[in-house]
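Descriptive structure summary
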Amino acid sequence: MSGVRVLIGTRKGAFVATADGKRQDWTIDGPFFGGWEMYHLKGSPADPNRIYASQSTGWHGQVVQRSDDGGKSWTAVGNDFQYATVPGTHQWYDGTPHPWEFARVWHFEPSLTDPDTVYAGVEDAALFRSVDGGQSWQEIPGLREHGSGPNWQPGAGGMCLHTIILDPSNSERMFIAISAAGAFRTDDGGKTWTPINKGLKSGEIPQEESEVGHCVHHVTMHPSRPGTLFMQKHWDVMRSDDAGDNWYDIGDKLPTDFGFVIDVHAHEPETLYIVPIKSDLEHYPLDGKLQVFRSRTGGNEWEPLTKGLPQSHCYVNVLRDAMSIDSLDESGVYFGTTGGQVYCSPDSGDTWAPIARDLPAVLSVEVQTLS
Amino acid sequence: MVLPGHLKRLAHVEHEVEVKVEAATLASVLDAIEAAYPVLRGTIRDQQTGKRRNFIRFFACNEDLSHEPVDAALPERVQTGDEPLLVVGAMAGG
């Protein structure tokens, strides 16, 4: 029987929610790793029982957990993330040079084909890979050594590599995004990288159309159209139809185009979801109403989705890795909030209901579709 | 040695942890602890530099040993096992 498993990372532990294909009655297990910040958990597409989890605190640093049984039990694996070469400096908040220092793993992206191969996006920004199930980690240094590193700077959450997209049609091609450096692409398996930020305009940097320095919040892609990318930037919702070479704005009709999450429907590559946030100063929804906006036309038109979501006095945020979409026949959409709510829509966004209401602040949500 | 709560859970220990070392110094005790509990590598001191993590303190016999040389002998009562070496998470946050 088909069903879903939702992996929820929070500021104070991880939770695993499961349901059958109706997605109405939920079982929630956890907290796992109570008290630790769980920035991200993600399962392997090649083996859904294999899950990687990023566990950290300011006191004790980074721990990596792995489950081989779908999140029932966990084993700590390797946590030694050494930059492959002398890390150098990036810009600090005030523009002065600041040494590169490892802080934590923001995002795991398991290989599409091998459960033992997984990529890690870390703060300070770099890309690591493990080919032994997380026991050991090697940096892919070509990204950090692109040459523009001294101009990268931290966003409010730190200088994090938060998005990793593997191209299912080309194993040599990968996209990543860094806040605040921008998006980058490799076409040779990670040896060399190209900034792909043409068309982005950011008022927060001295040259608003600069090659790097943009505060990209999240990027998504539908696997059937690997040349089409959708981006939620600090401000602006953007689209590229040439694998990131050029971007154009698709957010003008939104009530606000600031936000963090962006995701694409599992079966409709022109259907997008975002959660507009009022502004970079406030970090909560417009008018106290929690609204998901859906476009079924690749960004041309947008509609608010509100049924089942709080429409008054709601001042939570939805962070960049806290939305996910399942691939059941009627696709389900999930997101978590900094107020500890996790919502599910089993009907592509038309109606919503909470899976949980009172968890710690949600950092990440990843759904696995189980057959 | 007494570990802070987060690390007790991580290492799956409930009470004090005992290690036997030839010459008990901070460095040799931490080496022994990390050998016995590899999951603790990197959680008390940096794996690359060996430097104490910023929010970790070392106390023993009512003294703060956090800033002592890591190869200095630990107090005698710690060496004999009569007093524990405390690894403490610094007070931070509320």
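See the structure printed just above.
Right, let's get into the side chain of Arg23(A). Residues and elements named next belong to chain A. Assignment of secondary structure puts Arg23 in the loop between strand 2 (13-20) and strand 3 (27-32). Side-chain polar atoms of Arg23 contact the backbone oxygen of Glu330, separated by 2.9 Å. Arg23 has contacts with Val4, Asp326, Leu328, Glu330, Ser331, Gly332, Tyr334, Cys344 and Pro346, leaving out every residue within four places of it along the chain.

With that settled, consider the nonpolar core. Ranked by size, the top nonpolar core spans 37 residues in total, and within it Val6(A), Trp26(A), Leu290(A), Val292(A), Tyr334(A) and Phe335(A) carry the most contacts. In this structure, Leu10(B), Leu26(B), Ile56(B) and Val87(B) belong to the second largest nonpolar core, which totals 34 residues.

Moving on, we come to the interface of chain B and chain A. By a frequent convention, interface size equals the accessible area lost on bringing the separate parts together. Each partner contributes to the interface: chain B provides 17 residues, whereas chain A provides 16 residues. Between chain B and chain A, a total of about 1,300 Å² is buried, with carbon and sulfur atoms accounting for 52% of that surface. Of all residues in chain B, His6(B), Gln47(B) and Gln48(B) give up the largest surface area on contact with chain A, accounting jointly for 39% of the area buried on that side. Between the two partners, chain B and chain A, sit 0 salt bridges.

The next subject is the pairing of strand 27 (residues 333-336) of chain A. Each regular strand shows side chains that alternate between the opposite faces of the sheet. All names here are of chain A. Along strand 27, one buried face is formed by Val333 and Phe335 and the opposite face, lined by Tyr334 and Gly336, is buried too. Inspection of the sheet shows strand 26 (residues 323-325) paired to strand 27 by 3 bridges, in the antiparallel sense. Bridging from a neighbouring strand, Ser324 pairs with Tyr334 of strand 27. By the bridge criterion, 4 bridges tie strand 27 to strand 28 (residues 342-345) in an arrangement that is antiparallel. Paired with Tyr334 across the bridge in strand 28 is Cys344.

Let's shift gears to the sheet that holds strand 27 of chain A. Residue and element names in this part refer to chain A. Strand order in the open sheet formed by 4 strands is 26-27-28-29, with antiparallel pairing between adjacent strands. Looking along the sheet, the strands with just one partner apiece sit at the ends: strand 26 and strand 29 (353-356). Pairwise comparison of adjacent strand axes, ignoring direction, gives a mean angle of 25 degrees for this sheet.

Residues and elements named next belong to chain A. Of all 7 residues in strand 14 (residues 160-166), 7 are buried; the element is thus mostly enclosed. With 6 bridges joining them, strand 14 and strand 15 (residues 174-179) adopt antiparallel strand pairing. Along strand 15, the bridge assignment pairs Ile165 with Phe175.

Residue and element names in this part refer to chain A. The residue after Gly30, namely Pro31, is reached through a cis peptide bond having omega 5 degrees. Tracing the sequence through the fold places Pro31 in strand 3. The amide bond that connects Glu123 to the next residue, Asp124, takes the cis arrangement and shows omega of -10 degrees. When you line up the elements, Asp124 lands in the loop between strand 11 (118-123) and strand 12 (126-130). Of note in this structure, Asp236 is not a glycine but carries a positive phi near 95 degrees. Mapped onto the elements of the fold, Asp236 is located in the loop between strand 19 (229-233) and strand 20 (237-240). Judged by its relative accessible area of 15%, Asp236 falls in the buried class. Not every positive phi belongs to a glycine, and Ser348 is a case in point at roughly 60 degrees. Take Ser348: it is sitting in the loop between strand 28 and strand 29. Exposure remark for Ser348: the relative accessible area of 1% places this residue in the buried category.

A few words on the side chain of Asp263(A). Residue and element names in this part refer to chain A. With respect to the secondary-structure elements, Asp263 resides in strand 22 (residues 258-264). Although Asp263 is buried, it makes no salt bridge; Lys42 carries the closest opposite charge, 8.3 Å away. Side-chain polar atoms of Asp263 contact the side chain of Thr220, separated by 3.4 Å. Filtering out sequence-adjacent residues up to four positions away, Asp263 remains in contact with Thr220, Thr271, Leu272, Tyr273, Met323, Ser324 and Ile325.

Paired through their backbone hydrogen bonds, the strands of a sheet run either parallel or antiparallel. All names here are of chain A. As summarised here, the arrangement of the 4 strands in space is 3-2-1-30, forming an open sheet in which the pairing is antiparallel. The sheet is open, and its two edges are formed by strand 3 and strand 30 (362-370), each paired on a single side. Strand-to-strand, the axes of this sheet are offset by a mean angle of 15 degrees, without reference to chain direction. Examined bridge by bridge, strand 1 (residues 3-10) and strand 2 share 8 bridges and lie antiparallel to one another. Opposite Thr10, over in strand 2, you have Gly13 as the bridge partner.

Attention shifts here to the packing of aromatic side chains. Geometrically, a pair of aromatic rings is defined through the distance of the ring centres and the angle of the planes. Residue and element names in this part refer to chain A. Tallied over the full model, the rule gives 19 aromatic pairs over all chains. When the centroid spacing of 5.5 Å and the interplanar angle of 55 degrees are considered together, the rings of Trp152 and Phe184 count as tilted. A residue pair is termed long-range when its members are at least 10 positions apart, and Trp152 in the loop between strand 13 (138-139) and strand 14 and Phe184 in strand 16 (residues 182-186) qualify at 32 residues. Judged on exposure class, the residue Trp152 and its partner Phe184 are both buried.

This part is about the pattern of salt bridges. All names here are of chain A. Taken as a whole and assessed by the stated rule, the structure comprises 24 salt bridges over all chains. One salt bridge in this structure joins Lys42 and Glu109, with 3.0 Å as the shortest N-O distance. With a gap of 67 residues between them, Lys42 in strand 4 (residues 37-43) and Glu109 in strand 10 (residues 104-110) connect regions that are remote in the sequence. We note that Lys42, like Glu109, is buried. For the salt bridge of Glu301 with Lys253, the shortest nitrogen-to-oxygen distance reads 3.2 Å. Here Lys253 lies in the loop between strand 21 (248-249) and strand 22 and Glu301 lies in the loop between strand 24 (292-295) and strand 25 (303-305), a separation of 48 residues in the sequence. For Glu301, a relative accessible area of 46% gives the class partly exposed.

Here is what the cut-offs are and how they apply
- Residues numbered from 1 in each chain as written.
- Chains lettered and ligands numbered in written order.
- Predicted model: local features only at pLDDT ≥ 70, side-chain atom pairs only at ≥ 80, totals over all residues.
- Heavy atoms only, no water.
- Helix = DSSP H or I, 4+ residues; strand = E, 2+ residues; numbered from the N terminus.
- Polar contact = N/O pair within 3.5 Å; in protein donor to acceptor, adjacent residues only side chain to side chain.
- Contact = heavy atoms within 4.5 Å.
- Core = buried A, V, L, I, M, F, W, Y, C linked by side-chain atoms within 4.5 Å.
- Buried < 20%, exposed > 50% of the residue type's maximum accessible area, 1.4 Å probe, protein only.
- Buried area = accessible area lost by both parts, 1.4 Å probe.
- Salt bridge = Lys/Arg side-chain N within 4 Å of Asp/Glu carboxyl O.
- Pairing = 2+ DSSP bridges.
- Axes fitted to C-alpha atoms, helices over the stretch in contact; angles between N-to-C directions.
- Lys, Arg positive; Asp, Glu negative; His and termini not counted.
- Phe/Tyr/Trp six-rings, centres within 6.5 Å; stacked < 30°, edge-to-face > 60°.

No statement about biological role is implied by the geometric values presented.
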